[in-house]
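# Breakdown of the fold
Take a look at the letters that make up each chain.
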Amino acid sequence: MTSPHDQNFMPFISQEYVEQTYWRRQAAQGKLKTLRAIAGWSDICGFGDALASSAWDLSKLNERGLFRSLSQAYMSLGRPLMPSMPSERVLVINDGIARTVDLTGSEHIEQAQLLFYIRNLLIQHYMLEQQLVNGGLGLRTVLAGGERCQYSPTKFTGHLLLSHTNEPSEFGKRLLEQEFVYNPAEFQMNTAFALAYTLEEMGSSEGLIPNRAYFETRWLSTLNDVIPGFCVLDGQTVHLLWHDEPGITIAFDDCRSVEAKGLVTSVYRVCEFIVHERFEGERTAFPMAAHDSRADA
């Protein structure tokens, strides 16, 4: 029996339902907000072949040490490399790692912060690539620019499923705590991530060989939209400026036009990057083309 003092909890009065209704109305009325973003997709090359040769048996993959490689990738690139504002979001999916950063305007972004972020990202690729090559695998990272637009809630939990009166049962409590849908706002309709993923997936068929890092034109233009003149293309190099002089120089040994699902962009293959003394107190150079033939596409 119920009493006048009973409290009834229904899905349609939950906070999640309110949020769901808000996003549905925003989408229907065309009031969604678009943000500029830069993103990246890093993929372990050769993992598919290892999966096939192990007959998709995870115990065999474990015996071959493949999970050690996944752990190395997670520890290197599966963490935020820009934790302060604007903060990075990272999504780890099997043998790939996605990352994205909102670029909302120069008033919210420090130039030094962007330089440290790009330096850290390239260094982590450099170190992880060496570890993976030693284990018979490889690594390919693609950086791209674009936009992203949130159009729905970020989660779907048991609060949208369970009706209960007063204190729920133990089963009900577990159901309420369960998150059934993961839908991070930063990855919703993210064209920067979609482009990075699409280009990386093209692989060697479009000249994107393993064990390299790549960036494309929209990555440069998005950075320059936020901080005008930040990226300067000069022959076979791109200078990322610090007090109007190069703070980081990224050298490339190949630039090609690639069509990705109707979008034509130029893709640059990194062969070296240099952190200059004027930015970090000493000059450090990192070769990025040492393992061109060590993994399959």
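Our structure's up above, just so we're on the same page.
Residues numbered from 1 in each chain as written. Predicted model: local features only at pLDDT ≥ 70, side-chain atom pairs only at ≥ 80, totals over all residues. Heavy atoms only, no water.

## Here's the deal with the overall build of the protein
Helix and strand content of the protein: 9 helices and 14 strands. Dimensions along the principal axes, computed over C-alpha positions, put the protein at roughly 80 × 50 × 40 Å. By the burial criterion, 49% of the 297 residues in the protein qualify as buried. Summarising the internal contacts of the protein: among those between residues at least 6 apart in sequence, 68% fall at separations of at least 24. Total accessible area on the protein stands at roughly 15,300 Å², and carbon and sulfur atoms take up 52% of it. (Helix = DSSP H or I, 4+ residues; strand = E, 2+ residues; numbered from the N terminus. Buried < 20%, exposed > 50% of the residue type's maximum accessible area, 1.4 Å probe, protein only. Contact = heavy atoms within 4.5 Å. Areas by Shrake-Rupley, 256 points an atom, 1.4 Å probe, with all protein chains shown as cover.)

## What to know about empty space enclosed by the protein
If you walk through the whole model with that rule in mind, you get 1 cavity of 30 Å³ or more. Taken together, Ile 38, Ala 39, Gly 40, Arg 99, Tyr 117, Leu 121, Leu 143 and Trp 219 make up the full set of residues lining the largest cavity. Where the lining of the largest cavity is concerned, the elements lending two or more residues are strand E2 (34-45) and helix H5 (111-134). It is E2 that contributes the most residues to the lining of the largest cavity, 3 residues altogether. Taken together, the residues that form the lining of the largest cavity break down as 6 nonpolar, 1 polar and 1 charged. (1 Å grid on protein atoms, 1.4 Å probe; cavity = no way out; pocket = protein on both sides within 12 Å on 5 of 7 lines; lining within 4 Å. Points joined across faces, edges and corners; volume = space filled by probe spheres on them. Nonpolar A, V, L, I, M, F, W, Y, C, P; charged D, E, K, R; others polar.)

## A few points about the packing of aromatic side chains
Summed over all chains, the structure comprises 13 aromatic pairs. On the numbers, 6.1 Å between centres and 50 degrees between planes, the contact of Phe 193 with Tyr 197 is tilted. Taken together, the residues Phe 193 and Tyr 197, both in helix H7 (residues 191-202) and 4 residues apart, mark about one turn of the helix. Taken together through their ring pairs, the aromatic side chains of Trp 41, Phe 187, Phe 193 and Tyr 197 make up a single cluster. (Phe/Tyr/Trp six-rings, centres within 6.5 Å; stacked < 30°, edge-to-face > 60°.)

## Comments concerning the pattern of salt bridges
The tally for this structure, following the rule as stated, stands at 12 salt bridges. A salt bridge links Arg 212 to Asp 292; the shortest N-O distance between them is 2.8 Å. Pair noted here: Arg 212 is in strand E9 (residues 212-216) and Asp 292 is in the segment after strand E14 (284-287), with a separation of 80 residues, a long-range link. By relative accessible area, which is 1% here, Arg 212 ends up buried. Here Arg 278 and Glu 245 are joined by a salt bridge, their closest N and O atoms 3.1 Å apart. Pair noted here: Arg 278 is in helix H9 (residues 277-280) and Glu 245 is in strand E12 (residues 245-260), with a separation of 33 residues, a long-range link. The exposure class assigned to Arg 278 is partly exposed, which follows from its relative accessible area of 43%. (Salt bridge = Lys/Arg side-chain N within 4 Å of Asp/Glu carboxyl O.)

## Brief notes about the nonpolar core
In terms of nonpolar packing, the biggest core is built from 50 residues, with Phe 215 and Ile 250 touching the most fellow members. When residues no more than four places from it in sequence are discounted, the contact partners of Phe 215 are Leu 143, Leu 220, Val 238, Ile 250, Phe 252, Ser 266, Val 267, Tyr 268 and Val 270. Counting 16 residues, the second largest nonpolar core, distinct from the first, contains Trp 41, Ala 144, Phe 187 and Ala 192. (Core = buried A, V, L, I, M, F, W, Y, C linked by side-chain atoms within 4.5 Å.)

## Here we look at the layout of surface pockets
One way to see where empty space is left: roll a probe the size of a water molecule over the atoms. Taken as a whole, the largest pocket encloses approximately 470 Å³ of empty space. Residue lining of the largest pocket: 24 residues in total, with Asp 43, Phe 47, Gly 48, Asn 94 and Asp 95 positioned closest to the centre. Looking at the lining of the largest pocket, the elements with two or more residues in it are E2, helix H2 (47-53), helix H3 (58-63), helix H4 (66-77) and H7. Each residue belonging to the lining of the largest pocket can be placed in one class, and the counts come to 13 nonpolar, 4 polar and 7 charged. Of the volumes computed, that of the second largest pocket is approximately 190 Å³. Secondary-structure elements contributing two or more residues to the lining of the second largest pocket are H2 and H4. Taken together, the residues that form the lining of the second largest pocket break down as 3 nonpolar, 7 polar and 3 charged.

## Here we look at the packing of H4 against H5
Close contact between H4 and H5 brings their axes to 9 Å; oriented N to C, the two are set at 165 degrees. It follows from the interaxial angle that H4 and H5 lie roughly antiparallel. The two elements H4 and H5 cross, and the hand of that crossing is right-handed. Of the residues in H5, those touching H4 at Ser 69, Gln 72, Ala 73, Ser 76 and Leu 77 are Leu 121, Gln 124, His 125, Leu 128, Gln 131 and Leu 132. (Axes fitted to C-alpha atoms, helices over the stretch in contact; angles between N-to-C directions. Parallel < 35°, antiparallel > 145°, perpendicular 65-115°, else oblique. Left-handed = near helix turned anticlockwise from the far one by under 90°.)

That is the geometry; function is a separate question.
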